[in-house]
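Letter by letter, the chains look like this.
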Amino acid sequence: MTELGLTHFLILSAFLFACGLLCIATKRNAVGILMGVELVLNAANINFVAFTRYLPGFRIEGQVFAVLVIVLAAAEAAVALAIILNFYNNRGTVDVDQANDLKG
Amino acid sequence: MSSTALAVSVLALLLAATLLTPLLAKLRLRRYAHLPAVLAFGTSAVLAMLMLNDVYVNGPAGPTPGLSLHVSADFPWISFHETKLPTTWFSAGLLNVTFSLGIDPLSAIMLATVTFVATWIAIFSAGYMHGEEGYARYFTIMSLFVLCMCLLVLANNFFLLLAGWEGVGLCSYLLVGYYYAKPSAAAAARKAFLMTRLGDVGFVLGIFLLWSVGGHHTDLTQIFAHIQAHPVNDFTLGLACLLLFCGAVGKSAQLPLYVWLPDAMEGPTPVSALIHAATMVTAGVYLLARCSPLFVQVPSVQAYVAITGGATALLAAFIALTQTDLKRVLAYSTVSQLGYMFMALGTAGAVTPSIAVAAAIFHLFTHAFFKALLFLGSGSVMHAMGNVIDMRRFGGLRTVLPVTHATFLIGCAALAGLPLLSGFWSKDQILDALDHAGEHGLTHRELYLGVFGVAVLTAGMTAFYTFRAYFLTFWGETRIPEEAGHHAHESPRIMCVPLIVLAVGALFVGALVEPLTHHGFSKFLSATPAIQQANKTYEREHNVRSQSQPHFNWLIAGLGTAAAVGGLGLAFAMYRKGQLAQLPAAAKPLHAMSLNKGYVDEIYHGLVVKPAEIAATGSRQFDGLVDAVARLVSYAPRMLAALLRPLQNGLVQFYALGMVLGLTAVVLVIVFKVSR
């Protein structure tokens, strides 16, 4: 059994990213899409932290960026949830296929 | 005032009337809309007479270009020859067009005739058109017409002349289509406009041809002088003259473009009297008289002019024999009489030009009186008969319309050329000129002799159809159509006075200006510089002496009188009961041919209108083809769009997937490139 290395983290991150994308692309439920976005963001976070940990040139930059991304994700979730709530008020559903008002 | 000042003030007055009349309509003074026109015409007539007198007294002198708005007594040498107002109308390259007026006996006579006749017709119109819709419109266009006509006769510049020429054409169009809601009137107006336009194309081409060979001058006198100094080859000059004649043919309703004139009778009757009998249609005759220095140099064109005149006179007289519409008889008679004038013009060059031109202009002058009179008389009949003009529907109006009857009779007698009336003298001069050309002429003798025969024949036919119309209208038992209602009485005084004045003119004016003054009219007219020049050319080319004045030939006069009396007698024998006569069976086909106007309209329809229609239909089909091709081209992007449109389905997730796939592709490329 080899020691845990950068590669493993990157594989995990890629797996998470793929899951997130799949979620975004396939879910009809707007909340589900939001969850997918969170997965993608967190996959990025893992990359940041892992690179800082394993590459010698970095000290703390990755962790700082990860915190920044978490804050951004929180803000983004707040806005997205507000949109979803409004959409639900108007349409009585959170199905994104119904959001076609701008279609020509 | 000098002649120039008089001429300019005539034009200014008429312009003022044209502008003032619509203003009156705007001010709700529509009832007085005739006043500016009548006053302006009347004053113009007086001024034109003064000008005539001035020209007569001062006589010809050398040419003086430049402004001459001076009192003529101070400058007796200032001539009527050519007067340039100091303004250029427009110029482009070698083309330089000036406001150049030519004041000479020819234009003075024309101006006086036009304004005098117009005055009385305007007065008549005030009664005739009373209460009509568009009363102000009528007098506005009338004023504009007289303005353009005066410009036409005064112009010494081809383009200025053309402006007047087209102006009268426009007014004719507007007045023929005066009852524009009536389809036949609208069609007649269109026909008149298009037909004359055909001739005008030739006219404009002729002007430019003369401009190019005449030293790039546009002033008539300068062109004539230049061509005299630098002779042009016969072909070019002949072509130019033929093109000018083409314009005259259109305007003066000669073969083959005469068909618009009878249809032009759709307009109000005073319009027919003024425009389509007395003035506008004589513009072609005036043009040829004015350009006689050019025409005398090309005898073959002159022969063509004479033939055209003869053929037109004969055909029109033939058609007039059987028409039942009083105005149409008069219209065809106008065409026929214009043909007479062209016959006379055509002899210039074979005989002394001044004699030929004087005969034509003299006939124009007397014709203006009696033809205006006849038209106004028919207008008076129409007025009384509730706008019925078909001679089969009324008859025996002698007692109902005594004044109209008497004046109409005088007009008929003058038109028929009964001795001592004005028509007799002028017709006699034309016959004389033709006979002279036939016997002693220098070119085409046989031809002129033939035309002379046609002229005598036409004279007989003229007398016949004129008196046929007279008998059908005024003799026999009284018949009045029901449309007349309570109108079947003599016209008001405002309409009778012009009739009487013109009747006096038709009676005496011919005798007064020619035989009683020892050919004063001809001599005076011969003093016109252009005609003098024509005479000189004639003398030089044929090495002969000009004849100074026409001589009265008893034989010719007798022949003309015999023809007229013969026609009159035949009409009396056939129509004195005031009803259409039974014809012998042998005459039936001829009768049908005449009644159907020689089938000329039908022939034109078959030869011109139909092919044009076919061409138009073909063009439209081709246009459809072009459209189809264009549409086919426009289908290409649409097809492409149809292929791509499903991609934009409005699903955000689909777009996201697209982005991811694209990103993946980019990343893959980068990765494999780097690894390689």
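Residues numbered from 1 in each chain as written. Chains lettered and ligands numbered in written order. Predicted model: local features only at pLDDT ≥ 70, side-chain atom pairs only at ≥ 80, totals over all residues. Heavy atoms only, no water.

Peer 1: An account of the environment of B:Ala278 is needed here, citing residue identities and associated values.
Peer 2: Residue and element names in this part refer to chain B. Checked against the element boundaries, Ala278 lands in helix H10 (residues 269-278). Separated by 99 residues in the primary sequence, Ala278 and Tyr179 place their C-alpha atoms 22 Å from one another. Excluding residues that lie within four positions of it along the chain, Ala278 makes contacts with Val117, Ala273, Ala368 and Ala372. (Helix = DSSP H or I, 4+ residues; strand = E, 2+ residues; numbered from the N terminus. Contact = heavy atoms within 4.5 Å.)

Peer 1: A description of the pattern of salt bridges should follow, citing residues and the corresponding values.
Peer 2: All names here are of chain B. Inspection of the entire model under this criterion finds 10 salt bridges over all chains. Two residues, Arg197 and Glu166, come together in a salt bridge whose shortest N-O distance is 2.9 Å. One end of the pair, Arg197, is in helix H6 (residues 183-213); the other, Glu166, is in helix H5 (residues 158-176), with 31 residues separating them in the sequence. Residue classification places Arg197 among the partly exposed positions, given a relative accessible area of 23%. A salt bridge links Lys610 to Glu613; its shortest N-O distance comes to 3.6 Å. Of this pair, Lys610 and Glu613 both sit in helix H24 (residues 600-644), 3 residues apart, which is roughly one turn of that helix. Residue Lys610 is classed as partly exposed on the basis of its relative accessible area of 37%. The network of salt bridges with shared partners includes Lys191, Asp263, Arg328 and Asp601. (Salt bridge = Lys/Arg side-chain N within 4 Å of Asp/Glu carboxyl O. Buried < 20%, exposed > 50% of the residue type's maximum accessible area, 1.4 Å probe, protein only.)

Peer 1: Go over a nonpolar patch on the surface, please, and point to the residues and values.
Peer 2: Residues and elements named next belong to chain B. Taken together, the side chains of Leu20, Leu23, Leu27, Leu29, Tyr32, Leu35 and Leu39 present a nonpolar region at the surface, about 640 Å² in accessible area. Going through the elements one at a time, helix H1 (3-26) and helix H2 (34-58) are the ones with two or more residues in the nonpolar patch. Structurally, Leu27 can be placed in the loop between H1 and H2. Look at Leu27 and you get exposed, because its relative accessible area is 56%. (Patch = residues over 30% accessible without salt bridge, like charges linked within 9 Å, V, L, I, M, F, W, Y side chains within 5 Å. Areas by Shrake-Rupley, 256 points an atom, 1.4 Å probe, with all protein chains shown as cover.)

Peer 1: How would you summarise the interface of chain A and chain B if you had to cite specific residues and measurements?
Peer 2: Residue-level contacts link 10 residues of chain A with 6 residues of chain B. Taking both sides of the interface into account, the surface hidden between chain A and chain B amounts to around 610 Å²; carbon and sulfur atoms contribute 61%. Taken together, the connections running from chain A to chain B amount to 2 residue pairs in polar contact (both at pLDDT 80 or more). Counting residues per element, the side of chain A that touches chain B draws most heavily on helix H1 (residues 6-26) of chain A, at 4 residues. Residue classes in the side of chain A that touches chain B are distributed as 5 nonpolar, 1 polar and 4 charged. (Buried area = accessible area lost by both parts, 1.4 Å probe. Polar contact = N/O pair within 3.5 Å; in protein donor to acceptor, adjacent residues only side chain to side chain. Nonpolar A, V, L, I, M, F, W, Y, C, P; charged D, E, K, R; others polar.)

Peer 1: Now, about the UniProt feature "domain: NADH:quinone oxidoreductase/Mrp antiporter transmembrane" (unreviewed entry) in chain B: what can you tell me, with residues and values included?
Peer 2: The UniProt record marks residues 155-434 of chain B with the feature "domain: NADH:quinone oxidoreductase/Mrp antiporter transmembrane" (unreviewed entry), using the residue numbering of this structure. Summarising residues 155-434 of chain B: 74% helix, 0% strand, and an end-to-end C-alpha distance of 30 Å. (UniProt positions renumbered as here; feature names shortened; annotations may be inferred.)

Peer 1: I'd love a proper account of the confidence of the model for chain B, names of residues and values included.
Peer 2: All names here are of chain B. For chain B, per-residue confidence averages 86 on the pLDDT scale, and 95% of positions sit at 70 or higher. Scored below 50 in pLDDT, residues 60-82 makes 50 contacts in the model with residues more than four places away or belonging to other chains. As a predicted assembly, this complex carries a pTM of 0.78 together with an ipTM value of 0.75. (pLDDT = per-residue confidence, 0-100.)

Peer 1: Tell me what's going on with the packing of H1(A) against helix H25 (residues 652-675) of chain B, and back it up with residues and numbers.
Peer 2: It is at 8 Å that the axes of H1(A) and H25(B) come closest, and there the two elements cross at 145 degrees. Two secondary-structure elements touch here, H1(A) through A:Leu21, A:Ile24, A:Ala25 and A:Thr26 and H25(B) through B:Gln653, B:Leu657 and B:Val660. Here the residues of the contact of H1(A) with H25(B) are counted per class, giving 5 nonpolar, 2 polar and no charged. (Axes fitted to C-alpha atoms, helices over the stretch in contact; angles between N-to-C directions.)

Peer 1: Go over H24(B), please, and point to the residues and values.
Peer 2: Compared with the 66 Å implied by 1.5 Å per residue over 45 residues, the 65 Å span of H24(B) between its first and last C-alpha is a close match. At B:Gly606, H24(B) shows its maximal kink, close to 35 degrees. (Expected span 1.5 Å × (residues − 1). Bend = angle between axes of the 7 residues up to and from the residue.)

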